[in-house]
Protein chains: 2
Amino acid sequence: MNSLICFGLLVFGTGVCLGQKPHPCRSPPLLSGSMTVTAKDGHAWAFAKYRYDAFGQRIRLWEFGKSDSKTFHLNMLFLFREGLVYNIDYRNKTCQKNVLHSTFHPSEIPRNASLLSQVILGGSSAPGEGLLVNTWTGVVHETQGKYMATVTEFGCIPVSLLYYTPEKGWVITSYFNAVTGIEDPEQFIPPSFCTDIQTEEETLDFFSAFL
Amino acid sequence: MNSLICFGLLVFGTGVCLGQKPHPCRSPPLLSGSMTVTAKDGHAWAFAKYRYDAFGQRIRLWEFGKSDSKTFHLNMLFLFREGLVYNIDYRNKTCQKNVLHSTFHPSEIPRNASLLSQVILGGSSAPGEGLLVNTWTGVVHETQGKYMATVTEFGCIPVSLLYYTPEKGWVITSYFNAVTGIEDPEQFIPPSFCTDIQTEEETLDFFSAFL
């Protein structure tokens, strides 16, 4: 009976009966876009532009935000292969270089993630009214933190990430204005005034850019 | 100079120089879809399917959720023109009828709202990867509550609503799977076992369905 219904539907060209179950996916290796991060029940937030290069394992961030009633501006370059993170101040032409504790994680839905839902944000009655997204949940092995990650069905573009640990509470990240590719690869090269500086003793991890 | 650049861009057919500033808009008068509501820092939540008829000023909700550690199921019909709200229990064939305190507000961005941002959720490098949305902020005159409403640029389909009052804190609503139209208009007619019942003394407002 089911296959008869499927045949009927296929006449209309929908193709929904072919078992198109969503699969964990990996985002494009080169991405440029923007994101907002909210934590501490809204008392800490940041807005960032990012450039992401999974081939070279490099991330660039231009960020401003507020945490514990203090505003901050950050201009950071993460070079995961070299294990270095640069905190760059163009106005004063100064630079801080730290050892980067984190290993590079590509933007992806892990294979052991569980599909929570597939929905259309907005609507589906006309073109441009909606976005088909998949939401996945799981636990990060290293931290035992829970996550709920939403990516587009087409292209595996990140849309939002909810991450929970008892220490940090909920950290909510929204992604938007993503473009596949890197317009200016020089943004991954530390500026000249960063070359001859000493590495600081303090080790940083990737999350230190946000919280 | 600007117009020269505009001309150059128009050659590529983008048309971005025509001053396409987003305007406050009204959602389609007939909508069917789903929504989630989160309040009390995540301690209260609800999932609901809705049918919305702005012509007849009627809303139907099938809802389940959790508030103060208690789960609840609700099946509600709001008839704003008649000033009545029905709480329907199909299993026991019982019904509760209350006077509805709220007036009908169509799903729209008020004319005095301020545009906060226009972004693409997800990305714009390929079809199906992103959704162009406008986010508006303002104050609800009656309650002095602040809101941040996101709707699609094309179609004015609701995507999310953040609403804040000092008493209730943040109430976050996400909308998805919207379809323009009503598949079964009979869902706005109270079932037969609701017809001969007394109206309860307690007056309800629309928000009592969620919090």
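Residues numbered from 1 in each chain as written. Chains lettered and ligands numbered in written order. Predicted model: local features only at pLDDT ≥ 70, side-chain atom pairs only at ≥ 80, totals over all residues. Heavy atoms only, no water.

As annotated in an unreviewed UniProt entry, chain A is Ependymin from Triplophysa tibetana.

Peer 1: I tried to follow the overall build of chain A on my own but got confused; where do I start?
Peer 2: When you go through chain A residue by residue, the secondary structure sums to one helix and 12 strands. Secondary structure elements of chain A, listed N to C terminal, follow the sequence α-β-β-β-β-β-β-β-β-β-β-β-β. Expressed as a percentage of its 211 residues, the buried residues of chain A come to 41%. Across chain A, the fraction of contacts at a sequence separation of at least 24, relative to all contacts at a separation of at least 6, is 45%. (Helix = DSSP H or I, 4+ residues; strand = E, 2+ residues; numbered from the N terminus. Buried < 20%, exposed > 50% of the residue type's maximum accessible area, 1.4 Å probe, protein only. Contact = heavy atoms within 4.5 Å.)

Peer 1: Would you mind going over the nonpolar core with me for this structure?
Peer 2: General note: in soluble globular proteins, nonpolar side chains tend to be found buried as a group. Among the nonpolar cores identified, the biggest contains 24 residues, and A:Tyr50, A:Ile59, A:Leu61, A:Phe78 and A:Phe80 are the most heavily contacted of them. Sorting the residues of this core by element identifies β1 (30–39), β2 (44–53), β3 (58–67), β4 (70–79) and β11 (169–180) of chain A as the ones contributing at least two each. Aside from chain neighbours lying at most four places away, what touches A:Ile59 is A:Arg51, A:Tyr52, A:Met76, A:Leu77, A:Phe78, A:Phe80, A:Phe104, A:Phe188 and A:Phe206. B:Tyr50, B:Met76, B:Phe80 and B:Tyr175 belong to the second largest nonpolar core, which has 21 residues in total. (Core = buried A, V, L, I, M, F, W, Y, C linked by side-chain atoms within 4.5 Å.)

Peer 1: What am I meant to see in the relation of the copies chain A and chain B here?
Peer 2: What relates the two chain copies is a rotation about an axis together with a slide along it. With an RMSD of 0.0 Å, the operation that places chain A on chain B is a rotation of 180° combined with a shift of 0.0 Å along the axis. Here the copies are linked by what is in effect a two-fold axis. No C-alpha of chain A lies nearer the rotation axis than that of A:Leu131, which sits 2.9 Å from it. Comparing contact sets, 100% of the residues at the interface of chain A also lie at the interface in chain B, consistent with an isologous, same-surface contact. (Least-squares fit on C-alpha atoms with pLDDT ≥ 70 in both.)

Peer 1: Explain the confidence of the model for chain A to me, please; I cannot follow it from the model alone.
Peer 2: On average, residues of chain A score 88 in pLDDT, and 89% of them reach the 70 mark or higher. Segment residues 13–18 of chain A: pLDDT under 50, and six contacts once partners within four positions in sequence are set aside and those in other chains are kept. (pLDDT = per-residue confidence, 0-100.)

Peer 1: What is the right way to read the environment of B:Gly138 from this model?
Peer 2: Residues and elements named next belong to chain B. Mapped onto the elements of the fold, Gly-138 is located in strand β8 (residues 130–139). Distance from Gly-138 to Leu-115, taken between C-alpha atoms, is 9.0 Å for residues 23 residues apart in sequence. Contacts of Gly-138, omitting those with residues within four sequence positions, involve Gly-145, Lys-146 and Tyr-147.

Peer 1: Mind showing me how you'd approach the state of the cysteines here?
Peer 2: All names here are of chain A. Here the structure, examined in full by the defined rule, presents four disulfides over all chains. The residue that forms a disulfide with Cys-25 is Cys-156, at a sulfur-sulfur distance of 2.0 Å. A torsion of 75° about the S-S bond marks the disulfide between Cys-25 and Cys-156 as right-handed. Taken together, the residues Cys-25 in the loop between α1 (2–11) and β1 and Cys-156 in the loop between β9 (146–152) and β10 (158–165) connect sequence positions 131 residues apart. Cys-25 gets classed as partly exposed once you look at its relative accessible area, which sits at 21%. (Disulfide = S-S within 2.5 Å.)

Peer 1: Just to check I follow, could you spell out the interface of chain A and chain B for this structure?
Peer 2: The interface of chain A with chain B comprises 25 residues on the first partner and 25 residues on the second. Summing both sides of the interface, chain A and chain B together bury roughly 1800 Å²; the carbon and sulfur share of this comes to 54%. Three residues, A:Gly122, A:Glu129 and A:Leu131, lead the burial of chain A against chain B; their summed loss comes to 24% of the area buried on that side. Our count for the contact surface shared by chain A and chain B stands at zero salt bridges. (Buried area = accessible area lost by both parts, 1.4 Å probe. Salt bridge = Lys/Arg side-chain N within 4 Å of Asp/Glu carboxyl O.)

Peer 1: Is there a simple way to think about the packing of aromatic side chains in this case?
Peer 2: Any two aromatic rings considered together are summarised by their centre-to-centre distance and by the angle between their planes. Residues and elements named next belong to chain A. Per the counting criterion, the structure on display carries 16 aromatic pairs over all chains. For the ring pair Phe-47 and Phe-64, a centre distance of 5.6 Å and an interplane angle of 45° mean the geometry is tilted. Of this pair, Phe-47 sits in strand β2 while Phe-64 sits in strand β3, and the two are 17 residues apart along the sequence. Looking at Phe-47, the relative accessible area reads 23%, which means it is partly exposed. Note on Phe-64: relative accessible area 37%, which makes it partly exposed. (Phe/Tyr/Trp six-rings, centres within 6.5 Å; stacked < 30°, edge-to-face > 60°.)

Peer 1: For this particular structure, what's the right way to read the side chain of B:Arg51?
Peer 2: Residues and elements named next belong to chain B. Here Arg-51 lies in strand β2 (residues 44–53). We note that Arg-51 is buried and unpaired, the nearest opposite charge coming from Glu-183 at a distance of 5.6 Å. Within polar-contact distance, the side chain of Arg-51 engages the side chain of Gln-187 at 3.5 Å. For Arg-51, the residues in contact, after removing those within four places along its chain, are Leu-31, Ser-32, Gly-33, Arg-58, Ile-59, Arg-60, Trp-62, Ile-182, Gln-187 and Phe-188. (Lys, Arg positive; Asp, Glu negative; His and termini not counted. Polar contact = N/O pair within 3.5 Å; in protein donor to acceptor, adjacent residues only side chain to side chain.)

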